[in-house]
Amino acid sequence: MIDQSKFKKFQSIEGKIVKLKKFTKRNINEHYLTWLNDPEVVKYSNQRFAKHSRATCIKYLKSFDATTNLFLAIYLKNEDIYLGTMTVYISDEHETADIGIMIGDRNWWGHSIGGDAWNTIQCWLLEKACIRKVTGGTLGCNKSMINIMLSKGMEPDGIRKEQELVGGEPQDVLYFAKFRTN
């Protein structure tokens, strides 16, 4: 059984190079809005189809109220450098969690931020929050995200063939999973 109090009381956790904090209205700043509206940052996300404003971001943040789902801000550990966001959607009934990530600050791409953030929340979910199965998905053309999930011990968990279009080309959606071992 999932300990819902762990999600409701969540404030922050630290990885090797990142700190994950609960996302707040303070995180809805110019950097965040720039990331969401940058075609390169969201090119593999369905966020690429929307125009984001402070109002739409506040509405999205409020969707996490009264749920066990988590919306997290990614910071460089021991520094106040805001780098991106993560979401964790919890299914209490099935004891599963689905993770999403966006490293918005392109200056930090290729610096292991995404991998450390992914590993940090994945380990916390499996070891501390008693999640039975952690999942994530990405487009087949998003090689960086595939590498993150595989390098963090996830295994293929399904494919939706030619599910989405990127640049007019059909792309598979690939799903990955990791199970709690104890």
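Quick caveat, the model's predicted, so the values are computed rather than measured. Numbering of residues begins from 1 in every chain and follows the order in which that chain's sequence is written. Thresholds applied to this predicted model are a pLDDT of at least 70 for local features of residues and 80 or more for the giving and counting of side-chain atom pairs; totals over whole chains, interfaces and linings are not thresholded and use all residues. Side-chain numbers come from the whole structure's heavy atoms, not from hydrogens or water.

Peer 1: Sorry if this is basic, but what is going on with the side chain of T138 here?
Peer 2: Strands here mean DSSP runs of E at least two residues long; helices mean DSSP runs of H or I at least four residues long; both are numbered from the N terminus. Positionally, T138 belongs in strand β6 (residues 133-139). Side-chain atoms alone can form a polar contact between residues adjacent in sequence; in general such a contact is a pair of N or O atoms within 3.5 Å, and within protein one must be able to donate a hydrogen while the other accepts it. One polar contact links T138 to N142, side chain to side chain, over a distance of 3.2 Å. Contacts between residues were defined by any pair of non-hydrogen atoms, one from each residue, lying within 4.5 Å. Apart from residues lying up to four places away in sequence, T138 is in contact with M145, I146, M149, D172, V173 and L174.

Peer 1: Even after reading the chapter, I still don't get the packing of aromatic side chains, so can you show me in this structure?
Peer 2: Each aromatic ring pair is specified by the distance between its two centres and by the angle formed by the two planes. For Phe, Tyr and Trp, rings pair up if their centres lie within 6.5 Å, where Trp contributes its six-membered ring, and each pair is then called stacked (planes under 30 degrees apart), edge-to-face (over 60) or tilted (otherwise). Evaluated as defined, the whole model comprises 11 aromatic pairs. Ring geometry for Y60 versus F64: centroids 5.2 Å apart, planes at 85°, classification edge-to-face. When a residue's accessible area, from a 1.4 Å probe over protein chains only, is under 20% of the maximum for its type it is buried; when over 50% it is exposed; and in between it is partly exposed. On the basis of relative accessibility, which here comes to 8%, the residue F64 falls in the buried class. Three or more aromatic residues joined by ring pairs make a cluster, and in this case those are F23, Y32, W35, Y60, F64, F71, Y75, Y82 and Y89. Note that K21 overlies the ring of Y75, its terminal NZ or CZ placed 4.4 Å from the centroid. One residue, R106, lies across the ring of W109, its end atom 6.0 Å from the ring centre. Comment: the charge-over-ring label is applied if NZ (Lys) or CZ (Arg) is within 6 Å of the ring centre and within 35 degrees of the ring normal.

Peer 1: Sorry if this is basic, but what is going on with helix α5 (residues 143-151) here?
Peer 2: An α-helix turns once per 3.6 residues; consequently, residues spaced three or four apart project the same way. Burial in α5 covers these residues: M145, I146, I148 and M149. The buried residues of α5 occupy an angular sector of 160° when projected down its axis, which confines them to one face. In α5, those exposed residues whose orientation departs by more than 90 degrees from the buried face are K143, S144, N147 and S151. Packed against the buried residues of α5 are β5 (96-103), α4 (113-128), β6 and β8 (169-179). G153 occupies a position one or two residues after α5 and carries a positive phi of about 85°. What the arc covers is the set of directions going from the helix axis to the C-beta atoms.

Peer 1: What is the right way to look at the sheet that holds β5 in this model?
Peer 2: Hydrogen bonds along the backbone pair up the strands of a sheet, which may run parallel or antiparallel. With mixed pairing, eight strands are arranged side by side in an open sheet as β1-β2-β3-β4-β5-β6-β8-β7. Of all the strands in the sheet, the pair left with one neighbour each is β1 (12-14) and β7 (155-166). Between one strand and the next, the sheet's axes are offset by a mean angle of 25°, whatever the strand orientation. Axis geometry follows a simple rule: fit a line to the C-alpha atoms, using only the stretch in contact for helices, then measure angles between N-to-C directions, giving values from 0 to 180 degrees. Across the sheet, α4 lies against β1, β2 (18-22), β3 (70-76), β4 (82-91), β5, β6 and β8, angled at about 160° from β5, the strand it touches most. The rule for pairing is simple: two strands pair if DSSP sees at least two bridges between them.

Peer 1: Would you mind showing me how to read the pattern of salt bridges here?
Peer 2: Oppositely charged side chains may form a pair once their charged atoms are brought near each other. Just to be clear on terms, a salt bridge is a Lys or Arg side-chain nitrogen sitting within 4 Å of an Asp or Glu carboxyl oxygen. Scanning all chains against the criterion turns up six salt bridges. As a salt-bridge pair, K19 and E14 come within 3.9 Å of each other at their nearest N and O atoms. The partly exposed category is assigned to E14, whose relative accessible area is 46%. Between D157 and K133 there is a salt bridge, with its nearest N and O atoms 3.0 Å apart. Residue D157 is found in strand β7, and its partner K133 is found in strand β6; the two are separated by 24 residues along the sequence.

Peer 1: Before we go on, may I ask you to explain the nonpolar core in this structure?
Peer 2: Soluble globular proteins tend to pack their nonpolar side chains together in the buried interior. In this text, buried Ala, Val, Leu, Ile, Met, Phe, Trp, Tyr and Cys residues form a nonpolar core when linked through side-chain atoms within 4.5 Å. Counting residues in each nonpolar core, the largest one holds 34 residues, and the members touching the most others are I121 and L125. At the level of elements, β2, β3, β4, β5, α4, α5 and β8 are the ones that each hand at least two residues to this core. Of all the elements, α4 adds the most residues to this core, at seven residues.

Peer 1: Even after reading the chapter, I still don't get the pairing of β3, so can you show me in this structure?
Peer 2: For a regular strand, the rule is simple: side chains alternate between the two faces of the sheet. Of all seven residues making up β3, seven are buried, and the element is well covered by its neighbours. Sheet topology places β2 next to β3; five bridges connect them, and they run antiparallel. Bridge pairing in β3 places K22 opposite L72. Relative to β4, β3 runs antiparallel, the two sharing six bridges. In the sheet register, F71 faces β4, and the bridge partner there is T87. From the end of β3 to the start of β4, which pair antiparallel, there are five residues, and N78 there has a positive phi angle of about 65°.

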